[in-house]
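Chain residues, written in single-letter form:
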Amino acid sequence: MKVEQVSEHIWCIRSWLLIPVRVWVVIEQDGVTLVDAGMPFMAIGILKAIDGLGAGPLKQILLTHGHSDHVGAVQKIMERKSTPLYAHRIEIPYMEGEQLYPGRKKRERNVQPGLAKPLPETEDKELASIAGLRPYLTPGHSPGHVVYYHEKDRVLLAGDLFTSKRGRLYRPMPMFTADMAGALKSSLIIRKLQPKHLEVCHGNSVKNPAEQLDAYLQETATSYSIPAGTWQ
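Residues numbered from 1 in each chain as written. Predicted model: local features only at pLDDT ≥ 70, side-chain atom pairs only at ≥ 80, totals over all residues. Heavy atoms only, no water.

Colleague: Looking at this structure, how should I read empty space enclosed by the protein?
Modeller: One simple way to see leftover space: roll a probe sized like a water molecule over the atoms. Counting across every chain of the model gives 1 cavity of 30 Å³ or more. Here the largest cavity is characterised by a volume of approximately 40 Å³. Every residue lining the largest cavity is listed: Leu169, Tyr170, Arg171, Tyr216, Glu219 and Thr220. By residue number, the principal contributor to the lining of the largest cavity is helix H7 (residues 213-223), which donates 3 residues. Residues of the lining of the largest cavity, tallied by class, amount to 3 nonpolar, 1 polar and 2 charged. (1 Å grid on protein atoms, 1.4 Å probe; cavity = no way out; pocket = protein on both sides within 12 Å on 5 of 7 lines; lining within 4 Å. Points joined across faces, edges and corners; volume = space filled by probe spheres on them. Helix = DSSP H or I, 4+ residues; strand = E, 2+ residues; numbered from the N terminus. Nonpolar A, V, L, I, M, F, W, Y, C, P; charged D, E, K, R; others polar.)

Colleague: Would you take a moment to explain H7 for this structure?
Modeller: Side chains that are three or four residues apart share a direction in an α-helix, a result of its 3.6 residues per turn. Among the residues of H7, those classed as buried are Leu213, Tyr216, Leu217, Thr220 and Ala221. Summarising the axial view, the buried residues of H7 lie within an arc of 115 degrees, below the 170-degree limit, and thus occupy one face. Exposed and oriented more than 90 degrees from the buried face of H7 are Asp214, Gln218 and Thr222. In this structure, the buried residues of H7 make contact with strand E12 (168-170), helix H5 (180-186) and helix H6 (189-193). Note on H7: the residue one or two positions beyond its end, serine 225, has a positive phi of about 50 degrees. (Buried < 20%, exposed > 50% of the residue type's maximum accessible area, 1.4 Å probe, protein only. Arc of directions from axis to C-beta. Contact = heavy atoms within 4.5 Å.)

Interpretation in functional terms is not warranted from these geometric data alone.
Structure, rendered in structure tokens:
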């Protein structure tokens, strides 16, 4: 596993299982937040990396979504660290096995029921900022997929909203993305936020992703015959 600094407050922990798997540590004055938890074999490495940063205790785990390659180390980490786990309220019944993920044949109990709490919301039912991150609901890859934007560092932790190849935006994995049109529409968040740096779970970082967005939208819409009216 490799540990790399992404920005002033964010570090990436990267491993491989046929493809790259990335999770992130966000540092604040009173401790750190883990965004996604990768695969089960990553648990010890994640905890060692957090200890090695010397930035304080693990305060919480935030999930972009509940697929198995994003929650695999949750159980082992939480056995060693008493810390809350958060995901979008829409995602929780899918990752707990109560509902069937779109496009799947069997329900998946990727997280023990009752373990995850809904991400905090404001009185206006918008997602509240947490650990210096602003969450945004970006469905498509999964029903309750969320991205996290670090406003100070201008870094977007995008989970599986995209993959990337050689620093270029690329579509999320089709076999695990039931609603590609929805994912395409959600990708417009880049135009709204204009991040300087984008991180994905499967791939490498992308600089100034908004500069690539139009080409990405056109290529993906054409490849999947997605009418413009369904995502614009």
